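# Summary of the model geometry
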Amino acid sequence: MTKGVGRPSVPIGMNFAEDPELDPVDIGEGEVRAAYRMNLASHMGNTHNCKKNCRYNPRCLSVLGEKVWLDAEEEEESEAEVEDEMVRHDGVPAGLRNLGNTCYVNSFLQIWFHNSRFRQALYDWEPGEDPEEQDNESILDAELYEPRSKVASLQALFAMMQFTKRKFVDPADFICKLGLNPSVQQDAQEFSKLFVSLLEDSLAHQKQVSVRTMIQKQFRGEYAYVTTCEACLKESVRPSHFYELDLALGGNKTVADCLADFLKVERMTGDEKYFCENCCSKQDATRCCKLRELPPVLNLQLNRFQFDMQLGRKKKLNSNIQFPEELDMSCYLASSTPARYSLTGVLMHVGPDANHGHYIAHIQEMQTGNWFKFSDECVAPLQGKSLRLGAEEDMTGQARRPGKLGKIVSKAGVQNSNNAYMLVYMLQESIQEIRAVEAKEKVKKEIVFKQAMGSLHKSDQFQEKKSDSEQDYCYSNSRIFPTTFPPHLRTKIDRDNLEFDEEHEERITSRLAEHHAARAKQRRMIDQYTGLKWEPEELEDDDDEFDESYEFLPTLWLARWLANPVTCGPIETRHLLCMHDNLDIDKLHEVKICDSAVVSNLFAENGEGEGPRLNHERLCQICIMNKARLISLDFKMLRDQQFLATQKSPVDGTGFWVGKRSFARWRTLGKVALEDKIIVEVTYWKDQQARVSQVEMERRKKVEEKRKEWKVKDEEDDDKEGFCLTDLQAKLQKMGTNVSIAPQDAGKNGQGNMTGISVIRNGESFKMANIAEVKLNFSEEEKKAWVGKVKPSCAVKPMLKAPKPSATVKPFIKSEGICEDDPLEKGGEGKEVGGGVVSSVLNGQTFHPAAAAQSSNSASCSESRSSSRSSSLDSLPSNKTSASEASSREASGLDTTAASPTPSLPQSTAQHLLPSEDDFNADILCPHGNLRIEQRARQLISRAAWYRLNTYFIKPITFQFGTPVCSVCEDQLNQANLQKERWREEAARQKARLPDLFKDTERPKWSKPSTTRVYLLSSSFVLAWRGFVRGLSAGKAECVGESITDVSNRTLLCPHSGLLYLPTIAWEAEPNQALVMITEEEWLTVKDMFTVDVEIKVDRENLSSGPVLTSSPAPCTICVASRQEAEQEDRLKYTNSRVFVRRISPDEKVPEDSHLDPEYCDSPVFGGDPKRLKLMGGDYVRRSSRRVKVRGEREFIVNSDMMLRDFKVKLMEVFKVAPYDQNLMVNGEYLTENHLSLGLLKVLPGSLIFLRADEPASCAPSPSEDYAGHHPEQGFKGTGLLSN
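Residues numbered from 1 in each chain as written. Predicted model: local features only at pLDDT ≥ 70, side-chain atom pairs only at ≥ 80, totals over all residues. Heavy atoms only, no water.

## Description of the packing of aromatic side chains
Put simply, the rule reads: Think of it this way: a Phe, Tyr or Trp ring, Trp meaning its six-membered ring, pairs with another when their centres are within 6.5 Å, and the plane angle makes it stacked under 30 degrees, edge-to-face over 60, tilted otherwise. Starting at the N terminus, helices and strands are each numbered in turn, a helix being any DSSP run of H or I of at least four residues and a strand any DSSP run of E of at least two. Working definition: with a 1.4 Å probe on protein chains only, accessible area under 20% of the residue-type maximum means buried, over 50% means exposed, and in between means partly exposed. Lysine NZ or arginine CZ positioned within 6 Å of the ring centre and within 35 degrees of the ring normal marks a charge as sitting over the ring.
Inspection of every chain in the model, using the stated rule, returns 37 aromatic pairs. Taking 5.7 Å as the distance between ring centres and 35° as the angle between the ring planes, the aromatic pair formed by Phe108 and Trp112 counts as tilted. Linking Phe108 with Trp112, this pair stays in helix H3 (residues 103–113), spanning four residues, or about one helical turn. Residues Phe108 and Trp112 agree in their burial class; the two are buried. Residue placement shows Arg948 over the ring face of Phe643; its charged tip is 4.0 Å from the ring centre.

## Regarding the pairing of strand E4 (residues 235–242)
Here is the rule we go by: Any two strands between which DSSP finds at least two bridges are classified as paired.
Where strand E3 (residues 221–229) lies against E4, eight bridges are found, and the strand directions are antiparallel. Each residue of the ladder has a partner; that of Ala224, found in E4, is Pro239. Counting the residues in the hairpin turn of E3 and E4 gives five residues, including Leu233, whose phi is positive at 60°.

## Topic: the nonpolar core
Rules: Buried residues of nine kinds, namely Ala, Val, Leu, Ile, Met, Phe, Trp, Tyr and Cys, make up a nonpolar core once their side-chain atoms join them within 4.5 Å. We call two residues contacting when some pair of their heavy atoms lies within 4.5 Å.
Counting 67 residues, the largest nonpolar core has Leu109, Trp112, Phe118, Phe158, Phe191, Phe195 and Ile215 as the members making the most contacts within it. When neighbours within four sequence positions are excluded, Phe118 is seen to be in contact with Trp112, Phe158, Leu199, Met214, Ile215 and Phe219.

## Side note on the sheet that holds strand E39 (residues 1106–1112)
Quick reminder of the rule: Axis definition: a line fitted to C-alpha atoms, limited for helices to the stretch in contact. Angles are taken between N-to-C directions and run from 0 to 180 degrees.
Here four strands make up an open sheet; going across it, the order is E36-E34-E38-E39 and the pairing antiparallel. In this open sheet, the two edge strands, each paired with only one partner strand, are strand E36 (1075–1078) and E39. Across the sheet, the axes of successive neighbouring strands diverge by a mean angle of 30°, strand direction being ignored. Bridge count between strand E34 (residues 1013–1018) and E36: four bridges; the pairing is antiparallel. What sits directly across from Ser1018, in E36, is Leu1075.

## Points about the state of the cysteines
Two cysteines, two sulfur atoms, one covalent bond between them: this is a disulfide. Applied cut-off: Only a pair of cysteine sulfur atoms within 2.5 Å counts as a disulfide in this structure description.
Within the structure shown, the criterion is met by zero disulfides. Cys232 provides the cysteine sulfur closest to Cys276, a residue in no disulfide bond, and the two sulfurs are 3.6 Å apart. Here Cys276 falls in the buried class, since its relative accessible area comes to 3%. Here Cys578 is not disulfide-linked; the sulfur of Cys620 is the nearest cysteine sulfur, at 3.6 Å.

Listed below in structure tokens is the structure:
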């Protein structure tokens, strides 16, 4: 008995169910509304501090997604704030569109564009002097100009980038001219080298020196390889030009370290001695690189991308590098020429490796000195006092912290980066000259702009400036162009800007319209949302009346509607219904109470899905009543538990036996009993609803058929002539009927035509067409005199209408002769649709709720239990219970609480149903229906306690004190004890006669010369016999079955009566798990004690060639091979098994004993020799668990479904050999199919695999001392970068 159980939890609104003696009939509409939590406070919008929506409160409409609409109303934007994100802002450079994977091109284009001297030289480039562009006829018509050459396309692109109004420019024409594939990302550093070389060749045809030599003057420097002989000290100098310095990152932390590593002195000794022409012999020497001349723009390439020979692909070095904002290169020059540089650009690759990532650039604008971040179309200024150049977010969007960049700490004027791969420095003298020129030109541009705007005063002091500015610049379409600017480019830019202005106006107009529509939609949504709040009206006249202007809406649909009212879809309520097609009380947390008027508008706008509208008619009183029954039951059990705790076991010989397990679980069993009872009621209610619906459909079908017959007959009567009102009166008088006649259409159309006769009798309406209105008034005496005199054919046929919905269906009176038998009449009298007292005939048996008291708990509940016993499955006889119906149930003696009526099963069926574990006292009931003999399974309780428990169960299993135990069980127990004693004696005798077989000692061995014959037993028999003997010897008779009497050796034979296993000498070293060898003496003992089905023996004969084993019966070759094949296939399916790999050199041979590997099998399954199988024994295959790893081998855990290519990757991590250089061999065969699994390649667990690696050539060609230029990658072959 559990003590200290707390108070049962009660759902919100169900406090009325805490009464232990609750009568569900007393539950009214007020309690139903409280159970549906309609009395809770309403929450709306920001008026309540709800951090999340209150699921327990159906009136909480907060935090459903309305914040988007409410906040937008507070932050309403004006029409002037509507902007076009495609417009370029003043002072911000234009971006470049990414065509797929062209970000590496865009970053270099931005670097070159912001070099004003480079850009001006391109503007000065003359198309007529270019061999490719001079034939371009479109240059003669500025309106139709289209560039043809690469330089012309770059010139037009730079011009568009400088003067466009767009936020970004499309470089598609330039990319197409270069022949690059936009979807393939290439090496950025190689692109830079190739394009500079291409541009240098293209500009060589220009006559203007500043244009022709622009690349050399801006980017080209000179260094020399100096080799010094240590013997004669003669220097060999080989000068060379460079356009960028390639610096190695490995082991270097700063740019100064990289430069020192680039210029370091190397000694040439030993095999690398230098051949000195002066000494005419090889001598020790030193070699170094010396800088002789530096360009104005110094490009430092940081070699972050290197080719990994082991991986066979490029990899990225993510090491941190520190670089200064000002770089003094004077110390690296042979001369004393000052060379102070300032950082103007940083190119970065953001990504995990070389083949994945994004290229961006941080560039300084020369005129203002401001820094910008260029990421394709997006250009943003870098703001702040301490700029972090070269530091950028990784591909996951998480920025690196300054303290996580490595051990290098940034100092003032020093930057560091993990992603920078190119640094651009410019001479400080060049920067000052450029900014001085730009300042002067800016003044001229401002004068031209003010003059164009009409704000310049015509005074003498500005006349000279005005003339100079007008001579140098002109104003066109909001842009100021130099007068020397190519006219075809200016026309192209003006045309593009005009098109953009039109597009801009269209976008602004469209967005204003969208803005107004969005504001209207927003205001409408806010109005609808605020209108959802339901505030019930207080009706003071009648306390029983409630405001019914509410409906329930699904919470998920409301959230979808507030998220997007266009895609929210129709309102679905089918999933919210209980089995009575009303709102499920257990799904109250999924709905919200809203105002019915607004809900009607939502239904009209979004449509109705599956399920009805959840208004006040969909409150399920049945579910509430049954849920209250369960809650009341908990409180009643709590009260009775306290009572039972005070009761003691009687000592006066009175009381009742209860099972200890049942008594400990009586609360659970009592609740299960009530749930089962409710389930039965639900099943019965559904059956009655289905029967009523079927009867109603049949009745309507018959009525429709009658109506069609009458319609046909009326049409026939209309065709008959001579039928008048006097004839009708005469016929009705013969029937003894008082008739009153009134013209139906009198006064209409000025005519008195009789169009029909309606006869109303006993509340039913009948009609005769095209005569008049007739009222038939029958008295009781006339009815009695008329019955039996008039044939049914003389009766007036009724005009039937669709019956009104009613709780009861009253059949027509057959004795009156008005109509034929009604189907409802056959269904039985006193049937009340939907609840109350219901009786009917089902399958020839009466099915009445009042008979539930006669049904046992086991019979009524064994087939009705389900895993979900919830209040949604609860049911009472009717949905709306009136006071009269409740009183009728009380008068009929039905219990509405714990003992509510349940349909009874047929008695014959109930007798054969055994009690289940959920039945009270089932644990003390034996299989014969009597009291169990085990005293420990039951206890004695008082009569008062039993009567209190009895109220929770219908006819529980009852045993009073003094009830005898089951005599049949006692007899069976005595017989079982005698049988166990006999088995124990038999086990002791068998153990004494076969001690060696039992202990598995002194087994026959082929190594003994005396062993010439053995007998075979099935291992399953031996194991079962040992278990039988061992269990009885230890006194564990309960765990032992019947004694062993038969030896089933036939399991060792195939269907052809041949032995399934080849006899082999190896059985001594590796016993066969399927059989056991015994001596001839043991075989005789076995035959004496057991019944043997087949005798199997193996004889040994010693020949000069070796021992030969023969068995009787002989082995079946076909079945043995089939069994071995099946075993091998099973062994090729493994997980987490070990294999061993040994690496051998290219010249080393595979050891000859590799075929003696413990896992090597030469069976026919693997292409071996059948003769060898016969001599060695086909079953000799050692398990992988017995193989021990030897020195020089590595162990790997693999699965049979692992692909060979994946296995090679694991080998690469250990042996450092690329997968394509691995040659694997197992059992003398190479593994070459990388797409196959290890199981399909016949690699068994424990196999030894040999790895032979393909090594590169020992002598690789050394690079030439002379500068050989750049060697392009394979990726740029076939592009325009290599056309020259």
